[in-house]
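Spelled out from the first residue to the last, the chains are:
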Amino acid sequence: MLRAIRFASQLHFEIEIKSLEAITRNKERIKIISGERIVEEINKMLLSEKPSIGFLLLYQTGLLDIILPELTALNQVEEIEGHTHKNNFYHTLEVVDNICPNTDDVWLRWAALFA
């Protein structure tokens, strides 16, 4: 599941709809994968040209809520003094994409994801 999403992000592949549905249907099986393997795949996604592709697919399939629920918790519109602001989830993905042309340092990309 993660590898398919990483390939889509890293190699600009489109995941066929039935495969995407199967990933969504079987998302709970990610719990049998070691944390180290998950981190390795996310590192590779973060090192891709546009990591948001992978993170949006993780979100769409429900995997992100299992792997990094802190990110899905950001999917809300901020309201300050009665005025709505940006959606924090999509803004965070934009920040990560924007840092990519400037650095290949995976730790800086992680920092952008959680900043």
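In what follows, the structure referred to is the one given above.
What counts and what doesn't
- Residues numbered from 1 in each chain as written.
- Predicted model: local features only at pLDDT ≥ 70, side-chain atom pairs only at ≥ 80, totals over all residues.
- Heavy atoms only, no water.
- Patch = residues over 30% accessible without salt bridge, like charges linked within 9 Å, V, L, I, M, F, W, Y side chains within 5 Å.
- Areas by Shrake-Rupley, 256 points an atom, 1.4 Å probe, with all protein chains shown as cover.
- Salt bridge = Lys/Arg side-chain N within 4 Å of Asp/Glu carboxyl O.
- Helix = DSSP H or I, 4+ residues; strand = E, 2+ residues; numbered from the N terminus.
- Buried < 20%, exposed > 50% of the residue type's maximum accessible area, 1.4 Å probe, protein only.
- Core = buried A, V, L, I, M, F, W, Y, C linked by side-chain atoms within 4.5 Å.
- Contact = heavy atoms within 4.5 Å.
- Axes fitted to C-alpha atoms, helices over the stretch in contact; angles between N-to-C directions.
- Parallel < 35°, antiparallel > 145°, perpendicular 65-115°, else oblique.
- Nonpolar A, V, L, I, M, F, W, Y, C, P; charged D, E, K, R; others polar.

Draft legend 1. Up close: a nonpolar patch on the surface. There is a patch of nonpolar side chains on the surface, built from Leu56, Tyr59 and Tyr90 and spanning about 250 Å² of accessible area. For tyrosine 90, the position within the fold is in helix 7 (residues 88-99). Taking the relative accessible area as the measure of exposure, tyrosine 90 reaches 41% and is therefore partly exposed.

Draft legend 2. Looking closely at the nonpolar core. Ranked by internal contacts, the top residues of the largest apolar core, which has 26 residues, are Ile5, Ile42, Phe55, Leu58, Ile67 and Leu68. Looking at this core, the elements with two or more residues in it are helix 1 (2-11), helix 2 (17-25), helix 3 (35-46), helix 4 (52-61), helix 5 (63-67), helix 7 and helix 8 (106-114). In contact with leucine 58, not counting residues within four places along its chain, are Leu2, Ile5, Met45, Leu63, Leu64 and Ile67.

Draft legend 3. Region of interest: the pattern of salt bridges. In the structure shown here, the tally under the stated rule is seven salt bridges. Residue aspartate 104 pairs with arginine 109 through a salt bridge whose shortest N-O separation is 3.5 Å. Judged by its relative accessible area of 2%, arginine 109 falls in the buried class. Residues participating in the shared-partner salt-bridge network are Arg3, Arg6, Arg37, Glu40, Glu41 and Lys44.

Draft legend 4. Representation of the environment of valine 96 within the structure. Its place among the elements puts valine 96 in helix 7. Placed 45 residues apart in sequence, valine 96 and proline 51 show a C-alpha to C-alpha distance of 7.1 Å.

Draft legend 5. Representation of the packing of helix 2 against helix 4. Contact geometry for helix 2 and helix 4: axes closest at 8 Å, N-to-C directions at 60 degrees. Relative to helix 4, helix 2 is oriented oblique. For the pair helix 2 and helix 4, the contacting residues are Leu20, Ile23 and Thr24 in the first and Leu57, Gln60 and Thr61 in the second. The residue inventory of the contact of helix 2 with helix 4, partitioned by class, reads three nonpolar, three polar and no charged.

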